[in-house]
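Okay, here's what each chain looks like letter by letter:
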Amino acid sequence: MTTRDPDDLTRPTRIKGRGAGSNREGRFEALTKTMEDDGWYRDEEPAPRPRTQVSIERARSIISRNESPDIPFNQSINPYRGCEHGCNYCYARPSHAYLNLSPGLDFETRLFAKTNAAERLRAELAKPGYVCEPITLGANTDAYQPIEREHRITREIVEVLHACRHPLTIITKNALVERDLDLLAPMANEGLVQVFVSIGTLDNRLASTLEPRATAPHRRMQSIENLHVAGVPCGVLVAPIIPAVTDMHIEHVLKQAAANGANIAGYTVLRLPLELKELFREWLDLHVPDRAGHVMSLIRQMRGGRDYDARFGVRMRGEGPYADLIRQRFALACRKLKLGRSRELKLDCSRFVPPRTPSPQGNLF
């Protein structure tokens, strides 16, 4: 029997440890692929196991800025392109198309590490016109994804921000954030940091298919407690809320997070921009085929009859009766648990000290 070509990733299939089921081409690719049955493939053959590849990228700039009115921060840093966590629902997947790579498996297996991030950050913070505002790590791809253990780019960035007393927010699904408590705890004492741990469900089995290489939900809950004990303010993001898949877990996640020391909470509902629509449909067909039609129907009810509505103000929360019900449930649970809301977050920008520009004469003081 002929074995399956390990590079043939066009056929949607379950792949252990990966969130996407195919390597669907991006919207900018000039060539498209179609699947044809040549009679050789057999269903019992194992699915391919694509390996993670990391390429080095030398960034020209490192602080990204946005003017989106529904995003509660203006500055962010993404140390990596792509994310090994492999969250099937990740809204950042379509960005891989700009690299002529697939938003599918390429997004979670062909990664780029910005190894000069700390160097560029020092240079940008030292500019005379720089205005201090909180910087968010993990806005697009997770700064503490598994490859951070080796590359330590996020660690170097936090070291720069710590030295400059610059305010920082972190969003992550990985317990690796605890590694940097020696930096985060002193920053917390000066009101310079807030960590958000993203947890959409407490069901480990479900999480293993939705976000296969992220830290397991119960371990993320432990991270909230460990951060709290260390004096680092920690919140929970219930994100994304997926109708008929994770929405039944909203109150359970918030209750457990509050019990573990979370002080603030936020949420988003699933959004499916560009290629993500088809990738998510593949996940539904592979993992919950009995609910696939119902899930997509509920999503469209929140998006004006479409798979996605990109308008500011509604893209994060949706609209309509179902979206209103989620909003009311979330608000009620937060009130009962005395959890603040993420939009209320305030960090101290007055302590910022710009890094010194290197001088060939050295420093006298």
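Reading the values: rules and limits
Residues numbered from 1 in each chain as written. Predicted model: local features only at pLDDT ≥ 70, side-chain atom pairs only at ≥ 80, totals over all residues. Heavy atoms only, no water. Helix = DSSP H or I, 4+ residues; strand = E, 2+ residues; numbered from the N terminus. Buried < 20%, exposed > 50% of the residue type's maximum accessible area, 1.4 Å probe, protein only. Contact = heavy atoms within 4.5 Å. pLDDT = per-residue confidence, 0-100. Pairing = 2+ DSSP bridges. Right-handed = clockwise from strand over helix to strand, strands pointing away. Phe/Tyr/Trp six-rings, centres within 6.5 Å; stacked < 30°, edge-to-face > 60°. Lys NZ or Arg CZ within 6 Å of the ring centre and 35° of its normal.

Here we look at the overall build of the chain
Across its full length, the chain holds 11 helices and 11 strands. Expressed as a percentage of the 365 residues in the chain, the buried residues total 52%. Across the chain, contacts joining residues at least 24 apart in sequence account for 80% of those joining residues at least 6 apart.

Structural notes on the confidence of the model for the chain
Averaged over all residues, the pLDDT of the chain equals 90, while 89% of them reach at least 70. Below pLDDT 50 for its whole length, residues 35-42 participates in eight contacts with residues either more than four positions away or in separate chains.

Describing the pairing of strand β7 (residues 168-172)
Most of β7 is tucked away: four of the five residues are buried. With three bridges connecting them, strand β6 (residues 135-137) and β7 associate as parallel partners. Across the sheet, the residue bridging to T136 is T169, located in β7. Taken together, the five bridges between β7 and strand β8 (residues 193-198) define a ladder with parallel strand orientation. In the strand pairing of β8, I170 is matched with V195. Considered for its hand, the β-α-β crossover made up of β7, helix α5 (residues 181-189) and β8 is right-handed.

Details of the packing of aromatic side chains
Scanning the entire structure with this criterion turns up three aromatic pairs. Centroid distance F280 to W283: 5.9 Å. Interplanar angle 10°. Geometry classified as stacked. One end of the pair, F280, and the other, W283, are both in helix α9 (residues 276-287), three residues apart, so they sit about a helical turn from each other. A cation over an aromatic ring shows up here: R271 above the ring of Y91, its NZ or CZ 4.2 Å from the ring centre. We note R317 situated over the ring of Y267; from NZ or CZ to the ring centre the distance is 4.1 Å.

A few points about the sheet that holds strand β11 (residues 340-341)
Read from one edge of the open sheet, eight strands run β2-β3-β6-β7-β8-β9-β10-β11, paired in mixed fashion. Each having just a single partner strand, β2 (64-65) and β11 make up the two edges of the open sheet.

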